[in-house]
Amino acid sequence: MARPLTDLARQRDVLFVGGKGGVGKTAVASALGLSVARTGRPVLVVSTDPAHNLGHLWQRTVGDSPVDLAPRLRGLEIDPARTTDEHLGAVRATLRRLMADHLQGEVDKHLDLARDAPGTHEAAVLERIAEVVEQRPSEELVIFDTAPSGHTTRLIALPELMQAWTEGLLRRQDRSARFGAALRGLEGADYDAAELIGSRRLPGSGTSIGPRRTQDRRARRDEEIRTVLDRRQHRFRQLREVLQDRSRTGFVVVAAAERLPVLESIELHEQLTRSGMDVAALVVNKRSPADAGELLATRRQVEDGYVAQLTAALPALPVTEIPLLPGEVLGENGLEALVAHLG
Ligand SMILES: Nc1ncnc2c1ncn2[C@@H]1O[C@H](COP(=O)(O)OP(=O)(O)O)[C@@H](O)[C@H]1O
Ligand SMILES: [Mg+2]
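Residues numbered from 1 in each chain as written. Chains lettered and ligands numbered in written order. Predicted model: local features only at pLDDT ≥ 70, side-chain atom pairs only at ≥ 80, totals over all residues. Heavy atoms only, no water.

Digging into the pairing of strand β5 (residues 141–145)
Every regular strand shows the same layout, with side chains that alternate between the two sheet faces.
Working step 1: Taken across its five residues, β5 has five buried, putting it largely inside the fold.
Working step 2: Along β5, one buried face is formed by Leu141, Ile143 and Asp145 and the opposite face, lined by Val142 and Phe144, is buried too.
Working step 3: Two elements, strand β1 (residues 14–18) and β5, share four bridges in a ladder whose sense is parallel. Bridged to Val17 within β5 is Asp145.
Working step 4: As judged from the five bridges shared by strand β2 (residues 43–47) and β5, these two strands associate in the parallel manner. By the bridge assignment, Val46 is partnered in β5 with Phe144. (Buried < 20%, exposed > 50% of the residue type's maximum accessible area, 1.4 Å probe, protein only. Helix = DSSP H or I, 4+ residues; strand = E, 2+ residues; numbered from the N terminus. Pairing = 2+ DSSP bridges.)

A short note on the coordination of the magnesium ion (ligand 2)
Working step 1: Looking at the metal site, the magnesium ion (ligand 2) is ligated by Thr26 (OG1) and Asn53 (OD1), spaced 2.1 to 2.5 Å from it. One end of the pair, Thr26, is in helix α2 (residues 25–37); the other, Asn53, is in the loop between β2 and α3 (54–58), and 27 residues separate them in sequence.
Working step 2: Residue Asn53 is classed as partly exposed on the basis of its relative accessible area of 34%. (Donors = N, O, S within 2.8 Å, 3.2 Å for Na, K, Ca; no water.)

So, the side chain of Ser35
Working step 1: Along the polypeptide, Ser35 turns up in helix α2.
Working step 2: Note on Ser35: relative accessible area 11%, which makes it buried.

Digging into the site of ligand 1
Working step 1: Taken together, 19 residues lie around ligand 1, and Lys25, Thr26, Asn53, Leu325 and Glu328 are the ones closest in.
Working step 2: One of the backbone N or O atoms of Gly22 is found 2.8 Å from an oxygen atom in ligand 1.
Working step 3: A distance of 2.7 Å is found between an oxygen atom of ligand 1 and a side-chain nitrogen or oxygen belonging to Glu328.
Working step 4: Starting from 560 Å² of accessible surface for ligand 1 in isolation, the protein chains cover 84%.
Working step 5: Where the shell around ligand 1 is concerned, the elements lending two or more residues are α2, β7 (279–287) and β8 (319–323).
Working step 6: Across the shell around ligand 1, the residue classes tally to eight nonpolar, seven polar and four charged. (Near = heavy atom within 4 Å. Polar contact = N/O pair within 3.5 Å; in protein donor to acceptor, adjacent residues only side chain to side chain. Areas by Shrake-Rupley, 256 points an atom, 1.4 Å probe, with all protein chains shown as cover. Nonpolar A, V, L, I, M, F, W, Y, C, P; charged D, E, K, R; others polar.)

A word on the environment of Arg96
Working step 1: Take Arg96: it is sitting in helix α4 (residues 80–98).
Working step 2: Each C-alpha atom, one on Arg96 and one on Asp108, is 9.1 Å from the other, the two residues being twelve residues apart in sequence.
Working step 3: If sequence neighbours within four positions are ignored, Arg96 has contacts with Gln104 and Asp108.
Working step 4: At 2.9 Å, the side chain of Arg96 and the side chain of Asp108 are in polar contact. (Contact = heavy atoms within 4.5 Å.)

Overview of the packing of α2 against helix α12 (residues 331–341)
Working step 1: Running from N to C, α2 and α12 cross one another at 85°; their axes reach a closest spacing of 9 Å. The angle between the axes of α2 and α12 places the two elements in the roughly perpendicular class. Residues Ala27, Val28, Ser30, Ala31, Leu34 and Ser35 of α2 pack against Glu332, Leu335, Leu338 and Val339 of α12.
Working step 2: In the contact of α2 with α12, the residues fall into seven nonpolar, two polar and one charged. (Axes fitted to C-alpha atoms, helices over the stretch in contact; angles between N-to-C directions. Parallel < 35°, antiparallel > 145°, perpendicular 65-115°, else oblique.)

Some details on the sheet that holds strand β3 (residues 67–70)
Working step 1: Spatial ordering of the open sheet is given by β3-β4-β2-β5-β1-β6-β7-β8, a layout of eight strands whose pairing is mixed. The sheet is open, and its two borders are formed by β3 and β8, each paired with just one other strand. Looking at each pair of strands side by side, their axes are set apart by 25° on average, direction ignored.
Working step 2: Taken strand by strand, helix α1 (residues 4–11) contacts β1, β5, β6 (249–256), β7 and β8, and its axis lies near 140° from that of β7.
Working step 3: Docked against the sheet, α2 engages β1, β2, β3, β4 (73–77), β5, β6, β7 and β8, running at close to 170° with respect to β5.

This is the structure we're talking about:
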């Protein structure tokens, strides 16, 4: 019998589980993790969904550091606020050291805006994902239980967005440095004022040394700030290489056999493929039974139509169907039934 999910989990180092909210991403990620851990390979399940429910499913508190869920199976829920604070704290400390005193207010203003700016939260999640992948022990499987559709593909585009953010920060500082210095008549004002209205340097005059020195200083400062910010981008680029390496990373799309989850899964597959990620398996969860009364049998027929639509749109993907279970999926016992259906 084909066992696409467990085979995939054996072959890769990093799996992403994604799909619409409520389809069973956390349940499938946990069941897959449990089944692999039972073969002897250590597994870390990482929830990146801001609406974490890994802890609820396992009925224990799971935080930003790994906790044991079962033998060889650990779980972690990413806390983007903590990562954002750490990152912005490091950037702020560097900028404080490098920028003139009178620009500290400007630095604070920019970083306070950055905390709530679009992308900051996602950058923090990405940073934590990168950290987890970098620190992965060589034999471990990492399963990311992701936020609903769209999220992961945006993460892949982030290194470029971060570049724009870095450049914006540096440009803004340049402007403030010039205006600030020119207005206050502080050191370097001759250069800054001259630069504002076009160069007025006189050949052979002493003032020509000043501008060059100021320029050198600014270039050195920018370079150091860029190094700090670039370190993060470099990390993101390395992560992206791992994510786009189909021998190491795969994406598992989870869907329910209903109209919207099916449409979203097709869209998600398209986005991921465009981002260079390998969508390696499809799970259709909560399939109604054909032999448990007329209502469910009718539902099953409707679902059959959606499964057909899904497999017609994504013909190359191996499909694993999981039946609708009578109870809630809770704890290791609750996951047993799911594990049995993974093959
Ligand atoms: N095959 C299944 N049969 C019955 N209930 C399920 C099944 N899979 C998941 N559930 C339940 O559906 C709800 C949503 O599952 P969850 O894994 O939290 O979804 P997601 O992480 O995609 O939001 C949970 O209450 C879970 O117990
Ligand atoms: Mg979930």
